[in-house]
Amino acid sequence: MSWRVTLHCTRTEAEALPESEELFPFSDSPPVIVADEPDPHAPDDWRLFAYFTEQPTTRELILLRRLAAGSEPELTHLGEDDWVTISQAGLEPIRAGRFFVHTPTHRDDVPDGATAFEIDAGLAFGTGQHDTTAGCLRALETLAGRSFANIADIGTGTGLLAFAALSLWPQAKAIATDIDPISIDVSQENAAINGVRIGHGPGELLLAVADGMDHPILTARAPFDLLIANILAGPLIDLAPAFAASVTPGATLILAGLLDTQADGVIAAYAEQGMEVVERGDGEWCVLVLKAAQRSVAAS
């Protein structure tokens, strides 16, 4: 990535951010677009960053401007430096229970006894800094005393949550999917960095590009007794029936990527599928832990 476009926006505009492919359907290499809240004391002042491999065209800048009404795009040439390295240089590691997530910069800072993961990925995929990722790691930690044999991580991003799950249940089978092929490439690279085995068997992770649950591999691997989805409130609601049909009776679901104000809508969608809330979490970005009905919707 060599060009960055910055726009100032509201929180509402940031939450409505579309997929890059939706905004740039004509582009073979759409930009990576991410939102950032630079000051928690100014909760409505957000920024959008769009990273391009080539200098953005006037058409692309006009499309970006529509995402943030009233903001003029600020164009920055990043030169020959790797923007991923730049973005990660200042990121502090995150500690969530036994888990310690860090970038290569903090490789020597792993505490004794921690389960550490090195995530060398771009801003588009996160590095565990986001509250939702940390919340998911803490939710997994609370389940450590239980047993799971068949795990799915939907919308995996970096692969991190699947890695964490396999560290807790090393004999389980796991699959991680994402709609973005680049994400799956990144997850495979991260798996190699962290010593996670790729494959179909126990203790191994299968990776696949999939839109929600729409993939024959997911169908073949179902039903899952643990399903993790750190995506967005809208897709979580849309996927409720598919998730319910893909899990075992009494399965556990960890759902994240939603604001606390969106939680009731997500909970209602899953209640319709016979699921109950075990843990709602707290804070602005909440993590829901749900339990599926003892008799699955798919079998009723």
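Residues numbered from 1 in each chain as written. Predicted model: local features only at pLDDT ≥ 70, side-chain atom pairs only at ≥ 80, totals over all residues. Heavy atoms only, no water.

## What to know about the sheet that holds strand β4 (residues 74–77)
- Strand order in the open sheet formed by four strands is β2-β3-β1-β4, and the pairing between neighbours is antiparallel. In the strand order of this sheet, the two ends are held by β2 (32–36) and β4, each with one partner. Ignoring which end each strand starts from, the neighbouring axes of this sheet average 20° apart.
- Across five bridges, β2 lies against strand β3 (residues 46–52) in antiparallel orientation. Across the sheet, residue Asp36 finds its bridge partner in β3, namely Arg47.
- Here helix α3 (residues 58–65) sits on the sheet and contacts β1 (3–9), β2 and β3; the angle it forms with β1, its principal contact strand, is near 25°. (Pairing = 2+ DSSP bridges. Helix = DSSP H or I, 4+ residues; strand = E, 2+ residues; numbered from the N terminus. Axes fitted to C-alpha atoms, helices over the stretch in contact; angles between N-to-C directions. Contact = heavy atoms within 4.5 Å.)

## Description of helix α7 (residues 181–193)
- The end-to-end C-alpha distance of α7 is 19 Å, a good match for the 18 Å that 13 residues give at a rise of 1.5 Å each.
- Those residues of α7 not exposed but buried are Ser183, Ile184, Val186, Ser187, Asn190 and Ala191. Axial view of α7: buried residues confined to an arc of 160°, hence all on one face.
- Turning to α7, the residues buried within the fold contact β7 (115–118), α6 (160–168), β9 (173–178) and β10 (205–209).
- Taking the backbone nitrogen of Ile182 as reference, a side-chain oxygen 2.9 Å away marks Asp180 as the first, capping residue of α7.
- Looking at the residues trailing α7, positive phi occurs at Gly195, about 70°. (Expected span 1.5 Å × (residues − 1). Buried < 20%, exposed > 50% of the residue type's maximum accessible area, 1.4 Å probe, protein only. Arc of directions from axis to C-beta. Polar contact = N/O pair within 3.5 Å; in protein donor to acceptor, adjacent residues only side chain to side chain.)

## Thoughts on the pattern of salt bridges
- Scanning the entire structure with this criterion turns up six salt bridges.
- Across the pair Glu118 and Arg107 runs a salt bridge whose closest N-O atoms are separated by 2.6 Å. You can see Glu118 sitting in strand β7 and its partner Arg107 sitting in the loop between β6 (99–102) and β7, a full 11 residues away along the chain.
- Taking relative accessible area as the criterion, Arg107 reaches 47% and is therefore assigned partly exposed.
- Because the salt bridges share partners, they merge into one network encompassing Asp260, Asp264 and Arg280. (Salt bridge = Lys/Arg side-chain N within 4 Å of Asp/Glu carboxyl O.)

## Things to note about the confidence of the model for the protein chain
- Scored by pLDDT, the protein chain comes out at a mean of 86, with 88% of its residues at no less than 70.
- Mean pLDDT values over the elements of the protein chain span from 50, in helix α4 (residues 83–89), up to 98, in strand β8 (residues 150–154).
- Note that residues 123–129 has pLDDT below 50 and, in this model, 30 contacts with residues that lie over four places away or in other chains.
- In this model residues 296–300 is a low-confidence stretch, pLDDT under 50, and it forms six contacts with partners more than four residues away in sequence or in other chains. (pLDDT = per-residue confidence, 0-100.)

## What to know about the layout of surface pockets
- Looking at the second largest pocket, its volume works out to about 310 Å³.
- Residue lining of the second largest pocket: 16 residues in total, with Gly135, Arg138, Gly281, Asp282 and Val287 positioned closest to the centre.
- Residue assignment for the lining of the second largest pocket shows that the elements contributing at least two residues are α5 (131–142), β13 (276–279) and β14 (285–291).
- A total of five residues in the lining of the second largest pocket trace back to one element, the largest contributor, which is α5.
- Here the lining of the second largest pocket is composed, by residue class, of seven nonpolar, four polar and five charged. (1 Å grid on protein atoms, 1.4 Å probe; cavity = no way out; pocket = protein on both sides within 12 Å on 5 of 7 lines; lining within 4 Å. Points joined across faces, edges and corners; volume = space filled by probe spheres on them. Nonpolar A, V, L, I, M, F, W, Y, C, P; charged D, E, K, R; others polar.)

## Observations regarding the sheet that holds β6
- If you trace the three strands from one edge of the open sheet to the other, you get β5-β6-β7, paired in mixed fashion. Strands at the two margins of the open sheet, each flanked by one partner only, are β5 (94–96) and β7. Neighbour to neighbour, the strand axes of the sheet diverge by 20° on average, direction disregarded.
- The sheet contact formed by β5 and β6 spans three bridges and is antiparallel. In the strand pairing of β6, Arg95 is matched with Phe100.
- Along the sheet, α6 contacts β6 and β7; its crossing angle with β7, the most-contacted strand, is approximately 155°.

## Details of the nonpolar core
- Grouped together as the largest cluster of nonpolar side chains are 37 residues, with contacts concentrated most on Leu140, Ile151, Trp169, Leu205, Leu226 and Ile254.
- No other element matches α6, which puts eight residues into this core.
- Once residues within four sequence positions are removed from consideration, Ile151 is found in contact with Ala165, Trp169, Ala172, Lys173, Ala174, Ile175, Phe224, Asp225, Leu226 and Ile228.
- Among the nonpolar cores identified, the runner-up in size contains 31 residues, and Leu218, Val247, Ala269 and Leu288 belong to it. (Core = buried A, V, L, I, M, F, W, Y, C linked by side-chain atoms within 4.5 Å.)

## Quick look at the packing of aromatic side chains
- Enumeration according to the criterion identifies seven aromatic pairs in this entry.
- Where Phe49 meets Tyr51, the ring centres are 6.5 Å apart and the plane angle is 35°; that geometry is what we call tilted. You'll find Phe49 and Tyr51 in the same group, each marked buried. (Phe/Tyr/Trp six-rings, centres within 6.5 Å; stacked < 30°, edge-to-face > 60°.)

## Quick look at the environment of Leu258
- Residue position: Leu258 is located in strand β12 (residues 247–259).
- The spacing of Leu258 and Leu288 is 30 residues in sequence and 9.1 Å in space, taken between C-alpha atoms.
- Setting aside residues up to four positions removed in sequence, Leu258 forms contacts with Ala233, Leu236, Ala263, Val266, Glu284, Trp285, Cys286 and Leu288.

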